[in-house]
Amino acid sequence: MIIQMILLFFLQLVIKANDMANVLIRISTILCVLLTVAACQTEEKVTQSKVTLCKYEEGPVLKRALSYKNKKEKAKLLALRDSLFREENALAVEKAYLSYRVGQLYDVPGGRSRAIRQYSEALGQFLAADTVVLDRVIQMYFNIANNYFKLGIRDSSNIFANKGLDFIYSKELCDGDAAKAVYLYRTVGVNLRDVGDFAGSFTFFEKGAEICRTDTPRDRYCGQLMDGYAYALLELDRLEESKKIIKEGERYIANIDTMNYWDSKALVDIYETYFAIADKEGELKGAEVEVRKGLRLNIVLDSQSLSTGHSYNNLGRILIRGGEYKKGEAYLRKALSLYRLNEHYTDQGTCYENFSKSSLFQGDTLAALGYLDSAATAYHGFPESPSLAFALDKQQLKDPIFSQAELMSTLHLSRPDAFPLESVIESVARVDSIIGFLRYGVRSELSKRQAIAELRALYDGLINFSYQQWQKTGDEKYQQLGISYLERGKAQILQERQRRTLNEEDGQNTESLQEVRDLRENIYALKGRLRKTKDVKTRREIGEKINRQELQMYKKQEEIYQSKTSVYEYDGQFIGLEGISKTLEADEIVLDYFLGDETGYVALATKEGVEIKRLPLLTDSLVGMVKRLGTCLAAPGEGRKWSNDRPWREGKEKERLNLSFRLYESLVASVLPNHSDYQRITIIPDGILAFLPFGALLTEEVPAERPASGDKLPYLLVSHTVNYEFSAGIWRDRLESAYTGGTKALVIAPVQEKGRSIEMAPSGKEISLAALGYVAQEVDAVEKHIRSDVWRGPEACELVEKAEFGSYGVVHFSGHGEVFPDNISQSFLVLDLPEKGVYCLLRLPDLEAKKLNVDLLVLSACRTGEGELAQEEGVISLSRAGAIAGARSVVSSLWVANQASKAELFDRFYEQLAAGDRRDEALRGAKLHFLGSGEGFEHPYYWAAFLNTGSSKVLEASFVQ
C-alpha cells in the first residue's frame, strides 16, 4: 500500500514538473524517498514505535541548509538537497528538513504554488520519518494554509489550517504551539468571513481570542486575529462590538517592545479597520485621520508598496465623499501609479471606480462611463470581450460591469436613441460571463454563492426595469428580457455541480479524475477498517495512511482545478423556461418564482408560451407569512402541547387556515385566475418559498368556526398535482440527457430499538434521537413493489464507503436525519449508532461527493429538505446534496416527520409507482389517502412535509417486482 501511495505521489510530481530537468530531479528525489520509506519500514519492525520530539537538534548539514536559505543561495540549497537524497543512510527527518528549506525559498509572491508543493512533500516526509518532529509538522500545516490563504484558495487553506489545529490538540503542547494555533484560528476565521459564513468565522475567532486572553502567544498573531474578528463584526454592522475588538487588537501590537516590519504591517491593518469603521459610521473626518495614520506608516515601511497605494486610494475616496474632488483625485492618481508600478490590475480597477464615483458626484455621467470602461479593462482585459481574465478579484467581486449595466439601463430610460435596448443587453451579457467564470475559476461554493448574490441584486433591478418597460410600451422584447433574467440567478452552482457529477470527465483530466476517484475509494475503505479495528497501534497506522492519501487527493484535485482555464465565455444558454414550455402538455403549467429585495415576480410557462407577472405582496410580507404558516403546519409535532393546550392549538389552526388561503391568493390565484384549466402544476420556488408545501394551501376561504381537520377542506392538493424543480436550467439538462442508471432499489434501513442521545463534536451539543419504530414497514413497502436490496443495521454504514451506485436506480433511506441550518455542512443522516465505537454518520458533504446517478432518491427522515436558506441558490440541504450527487429526483421532508404516518405514506407511494403512476401523482395519491382515511392523519402535518423535487416520470417497468 505504501509503495502504491509513493507511485501515485511520483506521478503527481512528474505531471507538475515544468521541463525535463525538473522531471529528472524529481525522479531521483522519488527514488530516494522510496529507499527512505523502505528503510523506515525495516527500522519500524525493530522499534515498533516512532520517536516524537517537540524540537530537533539541527546538525551541520541542516545548519548549512539554513544558511543557504537565509542568503537565498538557491542553487547551493538544491544541490545540497539532491546530495542528501542520494545518500543511502541519510536520516528521513533531515531529508524532510531539506524539502522544507526549499519550500521557504519559493515562499514569496509568484512562487506560492511551488512553495505549497514543497511544503506538502516535506509534510509527508516529516510524518513518515521515524523521528516525528512535532514543531515542524505543525509548521508545514501552518505554511501550506498560509500560502493557500495568500493565493485566495479558501477551502484548501481551511483544510490545512484545521488539520494543523487537530494535530496541535492531539498531543501535549510544545513551545510556540499556542501562537500557531492563534494564527490558524485566524486563518480559518478570515476565510469563512470572506465567503459570508459569519457564524463559522465567529466560532474560530472566539477560540483564538480565548488563547490570546489566557495564554502568552505571539502578540502580533493576536493583533491580527482581533483585526480579522473586528472586520467580520463590521461587515454585519455590529459597530460597537467591532470597536471593542479592534481596540483589544491594537493593545496586543502595542505590547511589542521592538516592532519589526511584520509587526508594523499588522498595525497598518488595524488602522485600516479603524478607518473602515469610521467610514461606515459616516464619520468622514475620523476616517481621514485613521487612513492618514496608515499612510504615514506605509510610507516609512515602503513608499512604493501596494499597501501605500491602498492608503492613497482610501484617502482619495474619503476626500471625494466629502466634496474635495480635486484633492481626492490627486491621491487617486498617486494610488494608480503605484498599482501600475506593482502590476496589480484589480486595484487599478478599484481606483478607476473611485474616479467614476467622483465624476458622478460632479454630474458628468459620460466621464463616469469612461472610467468604468477603464475599470473593466483593468479587471477583465479588453472591455469588448465578454470573458474574464485572471485579474478578477474572485472573493470580493469588486466589478464595474455591475455598475455599467445599472447605469446603461438608467441611461436607456432617459436617452433610448443614444443608449438603445441592445446596449443594455450587451452590458448585461458581460455580467453573465461571470456565471461562466464561476464554473471553473472559483473553488469554494461559499465564494460562488457570494458572487451570485451580487448577480442576483443586479438581476432584481433588471427584472423590475424590464417589467415596467413592457407594461409601458407593450414591446415583447422587454418581457423576454425579464423572463431571461428571472432564471439566471437561480441554482447555478447546483446545476454546475450536478453536471460535474454526471459527466466528470468533461473532455479533460480523465486520468487525473480517475486517480482522485481511486484515492477516494481507498480512503473510504480505510475508514471502514478504522471503525472495525480496536487495536491502538493498528488504528494509528491506518490513520496515518488516511492522512497521507487525503493529502494526495487534495493535491491531485488542486492540480485538476489549476489546469482548468479561468476564462470561460458565457454560452448564452439561459433559455431553460422557453425550451421547457414546448415540452408541456395542455394541462400543465410551470410557476417559476423570483423574490427580489422588495418585489416578487413569477414566470408562467404553458404549452402556449411564457409570461411574467408581478406578485401583489411585498417580499417581506411573503417571507413573514411563509414562516408563520410553517410553524402552524408543524404544530402537531409539539406532542403534549398540541394535545393539552386547547387555546394554543385552536389559535394555531385559525392562523393556519387564514395564511393558507392568503398565500394561495397571492402566489397562485392572483397570477393565474384560470388555474382550473391546468391539472398539473410545477413549482420552481425561490428563497423561502422552498419551505412552502403548496399542496397544503387552501383554494377557498374557510370560516374560523369551521373544523380545521377532515377531508372536506379545499386543499390545492385535492384539485391539482403539484411537483417541484430546483431550476429551469436543471430541468432542461435532465430533458437533454436520458437516464442510464440501474433498475433495482437499494433500501438503507438503520436499526435503533431505543432512544439515544449522541454528543456532536466539536460543539459538544447533545442530540436526542427517538427509537426507530417503523423502518421495517418502509422496507416491506419498497420490497413488495420494487426489486430491492436491503442494507439493515450496521450494513447501512456501507453507504459511507460506497462511492458509486451503478446497479441501483432507486435509493430509499429510512431513519434519522439531523440538520443544522447555521452550520449546514455538519448535517447528517444517521446510519448506525453502536453502543461502543464510532457513530456512523453520512454528512452532507459526503453525500454530495457520491456518484449516485439514480432515478429516484427518497430521504425518509426528518427535515431533509430544510437547511440553510441561500437566497441566491435556494436551500442548502440534504435534498440538494442528493441532487448534486446525481439523483434525477429527490423526495424529502420540510419538518420533523411522524414515523407512523410516513411509513404508511411510502407504502401507498410505492404501490402507486408500481401500478404505473407518475411519481408526483403517486405522492399525491398517497397524501389524499390521509384526507379520507379517518385515522387521525388528516392534518397537513402528517402528509404535507414530503415533496418530490425533480423528475416526475413513471418508473421504468424493469423496477417493478
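Look above for the structure.
Everything quoted here is computed from the prediction, not taken from an experiment.

Draft legend 1. The overall build of the chain, seen in detail. Summing up its helical and strand segments, the chain has 37 helices and 20 strands in all. For the chain, with 961 residues in total, the buried portion stands at 57%. Partitioning the intrachain contacts of the chain with sequence separation of at least 6 by distance along the chain shows that 71% fall at a separation of at least 24. Carbon and sulfur atoms make up 50% of the accessible area of the chain, which amounts to about 39,900 Å² in all.

Draft legend 2. Structural detail: the environment of leucine 234. In this structure, leucine 234 sits in helix α11 (residues 219-235). The spacing of leucine 234 and isoleucine 277 is 43 residues in sequence and 6.7 Å in space, taken between C-alpha atoms. Excluding anything up to four places from it in sequence, leucine 234 contacts Leu239, Ser242, Ala276, Ile277 and Lys280.

Draft legend 3. Up close: the pattern of salt bridges. Summed over all chains, the structure comprises 36 salt bridges. When the shortest N-O distance is used, the salt bridge between lysine 55 and aspartate 135 registers 3.5 Å. Of this pair, lysine 55 sits in the loop between β1 (51-53) and α3 (60-70) while aspartate 135 sits in helix α7 (residues 134-151); the two residues are 80 residues apart in sequence, bridging distant segments of the chain. We classify aspartate 135 as buried; its relative accessible area is 4%. Across the salt bridge formed by arginine 734 and glutamate 725, the nearest N and O atoms sit 2.5 Å from each other. In this pair, the class of arginine 734 matches that of glutamate 725, namely buried.

Draft legend 4. Structural detail: the sheet that holds strand β14 (residues 828-832). The three strands lie next to each other as β13-β14-β15, forming an open sheet whose pairing is antiparallel. The open sheet terminates on both sides in strands that have one partner only, identified here as β13 (817-818) and β15 (840-843). In this sheet, β14 lies alongside β13 in antiparallel orientation, the contact comprising two bridges. For glycine 817, the partnering residue across the bridge sits in β14 and is leucine 829.

Draft legend 5. Quick peek at the state of the cysteines. Applying the stated criterion across every chain, the model contains three disulfides. Between the sulfur atoms of cysteine 54 and its disulfide partner cysteine 174 the distance amounts to 1.8 Å. Between cysteine 54 and cysteine 174 the disulfide shows an S-S torsion of about -75°. By sign, it is left-handed. With a gap of 120 residues between them, cysteine 54 in the loop between β1 and α3 and cysteine 174 in the loop between α8 (154-168) and α9 (177-194) connect regions that are remote in the sequence. Its relative accessible area of 33% is what places cysteine 54 among the partly exposed residues.

Draft legend 6. A look at the environment of phenylalanine 906. Relative to the assigned elements, phenylalanine 906 resides in helix α36 (residues 899-914). The residues touching phenylalanine 906, leaving out its near neighbours within four places in the chain, are Glu778, Ala781, His812, Val858, Ser860, Val891 and Phe946.

Draft legend 7. Representation of the nonpolar core. By size, the foremost hydrophobic cluster in this structure holds 83 residues, and its most contacted members are Tyr97, Leu123, Phe126 and Val137. Valine 137 has contacts with Leu123, Phe126, Leu127, Val132 and Phe167, leaving out every residue within four places of it along the chain. With 75 residues, the next largest nonpolar core counts Val602, Leu689, Ala926 and Tyr942 among its residues.

Draft legend 8. Region of the structure containing the pairing of strand β8 (residues 744-749). In terms of residue burial, β8 counts as a mostly covered element, since five of its six residues are buried. Examined bridge by bridge, β8 and strand β12 (residues 808-814) share five bridges and lie parallel to one another. The residue bridging alanine 745 from the neighbouring strand is valine 810, located in β12.

Draft legend 9. The arrangement of unusual backbone geometry in detail. Phi is positive for aspartate 237, which is not a glycine, with a value near 65°. Residue position: aspartate 237 is located in the loop between α11 and α12 (239-254). Positive phi, normally seen in glycine, also occurs at asparagine 853, with a value near 45°. Asparagine 853 sits in the partly exposed class, given a relative accessible area of 24%.

Draft legend 10. Molecular detail of the packing of α7 against α9. In the contact formed by α7 and α9, the axes pass within 11 Å of each other and the chain directions differ by 25°. For the element pair α7 / α9, the angle class is roughly parallel. In this structure, α7 crosses over α9, and the sense of that crossing is left-handed. Across the interface between the two elements, Asp135, Ile138, Gln139, Phe142, Ala145, Asn146 and Phe149 of α7 pack against Asp177, Lys180, Tyr183, Leu184, Arg186, Thr187, Val190 and Asn191 of α9. When the residues that make up the contact of α7 with α9 are grouped by side-chain class, the tally is seven nonpolar, four polar and four charged.

Draft legend 11. Quick look at helix α32 (residues 775-783). Within α32, the full set of buried residues consists of Val775, Glu778, Val779, Ala781 and Val782. Projected down its long axis, α32 carries its buried residues within an arc of 160°, all on one side. Among the structural elements, β8, β11 (788-792), β12, β16 (856-860) and α36 are those in contact with the buried residues of α32.

Draft legend 12. Representation of the packing of α11 against helix α13 (residues 261-281) within the structure. For the pair α11 and α13, the least separation of the axes is 10 Å and the interaxial angle reads 20°. In terms of orientation, α11 and α13 fall into the roughly parallel class. α13 is crossed by α11, and the crossing has left-handed handedness. Across from Arg220, Gly223, Gln224, Asp227, Ala230, Tyr231, Leu234 and Glu235 in α11, the residues of α13 making contact are Trp262, Asp263, Ala266, Asp269, Ile270, Thr273, Ala276, Ile277 and Lys280. A per-class count over the contact of α11 with α13 returns eight nonpolar, three polar and six charged.

Draft legend 13. Molecular detail of the packing of aromatic side chains. With the rule as written, the count across this model stands at 32 aromatic pairs. Ring centres 6.0 Å apart and planes at 80° place the aromatic pair phenylalanine 906 and phenylalanine 909 in the edge-to-face group. In this pair, phenylalanine 906 and phenylalanine 909 both sit in helix α36, three residues apart, roughly one turn of the helix. Aromatic ring contacts, followed pair by pair, group Tyr56, Tyr97, Tyr100, Tyr119 and Phe126 into a single cluster.

Draft legend 14. Main features of the side chain of glutamine 469. Relative to the elements of secondary structure, glutamine 469 occurs in helix α21 (residues 445-473). What makes glutamine 469 buried here is its relative accessible area of 11%.

Draft legend 15. α3, seen in detail. Regarding α3, the residues found buried are Leu62, Ala65, Tyr68 and Lys69. Angular distribution of buried residues about the axis of α3 spans 115°; they occupy a single face of the element. The exposed set on the far side of α3, more than 90 degrees from its buried face, consists of Pro60, Lys63 and Asn70. In this structure, the buried side of α3 is in contact with α4 (74-86) and α5 (92-106). Positive phi shows up at lysine 72, right after α3, with a value of about 60°.

Draft legend 16. Expanded view of the environment of tyrosine 739. Looking at the element boundaries, tyrosine 739 is found in the loop between α31 (728-735) and β8. Owing to a relative accessible area of 16%, tyrosine 739 belongs among the buried residues under this scheme. For the pair formed by tyrosine 739 and arginine 888, sequence separation is 149 residues and the distance between their alpha carbons is 8.4 Å. Residues in contact with tyrosine 739, not counting those within four places in the same chain, are Tyr808, Gly809, Asn853, Val854, Asp855, Arg888, Glu956 and Phe959. At 2.7 Å, the side chain of tyrosine 739 and the backbone oxygen of glycine 742 are in polar contact.

What counts as what
- Sequence order as written defines residue numbering, which begins from 1 separately in each chain.
- Predicted model: local features are reported for residues with pLDDT of at least 70 only, side-chain atom pairs are reported and counted for 80 or more only, and whole-chain, interface and lining totals are derived from all residues.
- Calculation of side-chain values draws on the structure's entire complement of heavy atoms; hydrogens and water are dropped beforehand.
- Only DSSP runs of H or I reaching four residues or more are called helices, and only runs of E reaching two or more are called strands; each is numbered from the N terminus.
- Only protein chains enter the accessibility calculation, which uses a 1.4 Å probe; a residue is then buried when its area is under 20% of its type maximum, exposed when over 50%, and partly exposed in between.
- For this analysis, residues touch if any pair of their heavy atoms sits within 4.5 Å.
- Using a 1.4 Å probe, the Shrake-Rupley method yields the accessible areas, and only the shown protein chains count as cover for residues.
- A side-chain nitrogen of Lys or Arg and a carboxyl oxygen of Asp or Glu constitute a salt bridge if their distance falls within 4 Å.
- Pairing between strands requires that DSSP locate at least two bridges from one strand to the other.
- Pairs of cysteine sulfur atoms within 2.5 Å are what we label disulfides.
- We call a set of buried Ala, Val, Leu, Ile, Met, Phe, Trp, Tyr and Cys residues a nonpolar core when their side-chain atoms join them within 4.5 Å.
- In this description, a line fitted to the C-alpha atoms serves as the axis of each element, helices being fitted only across the stretch in contact, and the angle between N-to-C directions of two axes falls anywhere from 0 to 180 degrees.
- With respect to orientation, any angle under 35 degrees is reported as roughly parallel, any angle over 145 as roughly antiparallel, any angle of 65 to 115 as roughly perpendicular, and every other angle as oblique.
- A clockwise turn of the near helix away from the far one marks a right-handed crossing, whereas an anticlockwise turn of less than a right angle marks a left-handed crossing.
- Only Asp, Glu, Lys and Arg are considered charged in this grouping, and only Ala, Val, Leu, Ile, Met, Phe, Trp, Tyr, Cys and Pro are considered nonpolar; every other residue, Gly among them, is considered polar.
- This arc is built from the directions going out from the helix axis to the C-beta atoms.
- Geometry of aromatic contacts follows a simple scheme: Phe, Tyr and Trp rings, the Trp one being its six-membered ring, pair when their centres are within 6.5 Å, and the pair is stacked under 30 degrees between planes, edge-to-face over 60, tilted otherwise.
- In protein, a polar contact requires one atom able to donate a hydrogen and another able to accept it; more generally it is a pair of N or O atoms within 3.5 Å, and residues adjacent in sequence count only if both atoms are side-chain atoms.

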